[in-house]
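Report on the structure
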Amino acid sequence: MQQQAAYNQQAQMQQMQQQQAYQQAQIQQMQQPQYAPPPQIAPPAPAPAAGTDTASQLQQVAQLHASGVLTDEEFAAAKQKIQSGG
């Protein structure tokens, strides 16, 4: 009977040691810093060439004027605005 009690006590002690080791491993894992990957940032779109942008805007306004969408006054105002950089 005493042997059985000693055996049970030893088994409980081993189980407690295993639980303690497991808990210690969990604590160490939680203490390690968690690093997130850096956010993905899209590069800015290249700026269009100034001359090309102005020329394409003037072409668009001229097409709108030629098709009758813009009046002569509207076309002149839009052209002036584009050429002044506004």
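Values in this document were obtained by computation on a predicted structure and should not be read as measured data. Sequence positions are assigned chain by chain, starting from 1 and proceeding in written order. In view of the model being predicted, local features appear only for residues whose pLDDT reaches at least 70, and side-chain atom pairs are presented and counted only at 80 or more, with totals across whole chains, interfaces and linings using the full set of residues. With hydrogens and water set aside, each side-chain value is computed from the structure's full complement of heavy atoms.

**Notes on the overall build of the protein**
Within the protein, the regular secondary structure consists of three helices and zero strands. Numbering of helices and strands runs from the N terminus; a helix is a DSSP stretch of H or I covering at least four residues, while a strand is a stretch of E covering at least two. Mapped from its N terminus to its C terminus, the protein presents α and β elements in the order α-α-α. Summing over all exposed atoms, the protein offers an accessible surface of approximately 8100 Å²; the carbon and sulfur share of this is 54%. In short, Shrake-Rupley with a 1.4 Å probe defines the accessible areas, and a residue's cover is counted only from the protein chains shown.

**Some words on helix α3 (residues 72-83)**
Between its first and last C-alpha atoms α3 spans 16 Å; for 12 residues at 1.5 Å apiece the expected length is 16 Å, and the two agree. At the exit of α3 stands Gly 85, carrying a positive phi of roughly 85°. The length a helix should cover is 1.5 Å for every residue beyond the first.

**Looking at the confidence of the model for the protein**
Every residue carries a pLDDT, the predictor's confidence in it, which falls somewhere between 0 and 100. Put simply, the protein has an average pLDDT of 83, and 90% of its residues get 70 or more. Per-residue pLDDT, averaged within each element of the protein, yields its smallest value for helix α1 (residues 2-31) (84) and its largest for α3 (92).

**Comments concerning the environment of Ile 82**
Its location among the elements puts Ile 82 in helix α3. Only protein chains enter the area calculation, which uses a 1.4 Å probe; residues under 20% of their type maximum are buried, those over 50% are exposed, and those in between are partly exposed. Judged by its relative accessible area of 13%, Ile 82 falls in the buried class. Residues Ile 82 and Val 61, spaced 21 residues apart in sequence, show a C-alpha to C-alpha distance of 9.4 Å. Sequence-distant contacts of Ile 82, that is, excluding residues within four places in its chain, are made with Thr 54, Gln 57, Leu 58 and Val 61. Whether two residues are in contact is decided by their heavy atoms: any pair within 4.5 Å suffices.

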